[in-house]
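Survey of secondary and tertiary structure
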Amino acid sequence: SIIGLFLTWVDRKVTARVHWRVGPPWYQPYADFLKLLLKETIVPEGASKTLYLLGPVLGVVAMTILAVMLFSMNFNPQQTFLGDLIVLIYLLALPPIGIIIGGSASKNPLASVGASREMTQYFAYEFPFLISITSIIIKAGGTIRIGEIIMAQTAHGPFLYSASGVIAAIVMLLSTQAKLGYVPFDSPEAEQEIMAGPFIEYSGVTLAMFKLTKAMMFFILPLLMISLLWGGFADWWAIPKLLSIVVLVVLIKNTNPRLRIDQSLRFFWIGAGILSIVGLVLTLYGL
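Everything quoted here is computed from the prediction, not taken from an experiment. (Residues numbered from 1 in each chain as written. Predicted model: local features only at pLDDT ≥ 70, side-chain atom pairs only at ≥ 80, totals over all residues. Heavy atoms only, no water.)

A few points about the environment of Gln-78
To be explicit about the condition: We count a stretch as a helix when DSSP gives it H or I for four or more residues in a row; a strand needs E for two or more, and each element gets its number in order from the N terminus. Partly exposed describes any residue whose relative accessible area lies between the buried limit of under 20% and the exposed limit of over 50%, with all areas from a 1.4 Å probe on protein chains only and scaled to the type maximum.
Assignment of secondary structure puts Gln-78 in the loop between helix 3 (49–75) and helix 4 (84–105). For Gln-78, a relative accessible area of 62% puts it in the exposed group.

Quick notes on the side chain of Lys-179
Definition in use: Polar contact is the term for a pair of N or O atoms within 3.5 Å; when the atoms are in protein, one must be able to donate a hydrogen and the other to accept it, and sequence-neighboring residues count only if both atoms are side-chain atoms. Every residue pair with non-hydrogen atoms within 4.5 Å of one another is taken to be in contact.
Within the element layout of this structure, Lys-179 appears in helix 7 (residues 163–179). Reaching out from Lys-179, the side chain makes a polar contact with the side chain of Glu-126 at a distance of 3.0 Å. Leave out the neighbours within four places in its chain, and Lys-179 touches Leu-92, Tyr-125, Glu-126, Phe-129, Met-217 and Leu-221.

Let's talk about the packing of helix 1 (residues 2–18) against helix 9 (residues 204–229)
As a reminder of what qualifies: Between N-to-C directions, angles span 0 to 180 degrees; the directions come from axes that are lines fitted to C-alpha atoms, helices contributing only their stretch in contact. Between 65 and 115 degrees an angle is taken as roughly perpendicular, under 35 as roughly parallel, over 145 as roughly antiparallel, and anywhere else as oblique. Charged means Asp, Glu, Lys or Arg here, nonpolar means Ala, Val, Leu, Ile, Met, Phe, Trp, Tyr, Cys or Pro, and polar covers whatever is left, Gly included.
Interaxial distance between helix 1 and helix 9 falls to 7 Å at its minimum, and their mutual angle equals 85°. The pairing of helix 1 with helix 9 is recorded here as roughly perpendicular in orientation. Residue-level inspection shows Ile-3, Gly-4, Leu-5, Leu-7, Thr-8 and Asp-11 of helix 1 in contact with helix 9, the latter providing Leu-212, Ala-215, Phe-218 and Phe-219. For the contact of helix 1 with helix 9, the per-class residue count stands at seven nonpolar, two polar and one charged.

Topic: the packing of aromatic side chains
We count it as follows: Centres within 6.5 Å are what make two rings of Phe, Tyr or Trp a pair, Trp counting through its six-membered ring; a difference in plane orientation under 30 degrees is then read as stacked, over 60 as edge-to-face, and the rest as tilted.
Applying the stated rule across the entire model yields 17 aromatic pairs. Ring geometry for Phe-75 against Phe-233: centres 6.1 Å apart, planes inclined by 80°, an arrangement best described as edge-to-face. Here Phe-233 lies in the loop between helix 9 and helix 10 (238–254) and Phe-75 lies in helix 3, a separation of 158 residues in the sequence. With 5.5 Å between their ring centres and 45° between their planes, Phe-185 and Phe-267 make a pair best called tilted.

Now the structure itself:
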């Protein structure tokens, strides 16, 4: 979480430089997070209190478990368990589920629209993402252990250095952009349209937990890409790899307009979907 909040500062600093601004000091994300923790948490009248408060908790818990798993698997690849990649995919589904539950429980019509868009977009970007994961499994010899995927890259070189690996990386990068809710795939939040969407009624600690979840994902998702495609992060080369992915995500965010939800669906189901299938075919041919 500490590194994730630092990366949000990198996001804001790079964004500021793109806009020809100076940007905030390095401690600003921590100050904003602390300020939210000191604010009152308000539950809307008529909302389901249990579901409303459960939403932000789901994401933080899932990302904490996922971070522990990823670090353990990279530094002790021999000690991973069978099917840990499947567990990882399920854990990645919990943050959007938390947003959907929280937005739906708040009884705000704009939050409901945002939750509906979040659910629709999740089914869109998950399709090419899973096909790319399938390509990686095939390249690693059919294993669904992350440790064995990392060791396969240690023995034969990163999967990224192949045609199908490059395609899988592009699809995973686009899916990462959508999982983070960044432009051009931020229609569920769309502040200019639905005023923060599912987060509109959240305040105080609950809003801080949502922001912390996104900050942790901003750190974990690039690490996941490095683990599955770029040889793992058990050495110092992981730092420039991580920063390069983070800066690329921020540049995509600042140089593209928002897509409507129907455009986003077409982009992932047709564009990224076909691209991921091409990558899968290339993988089957050993390319």
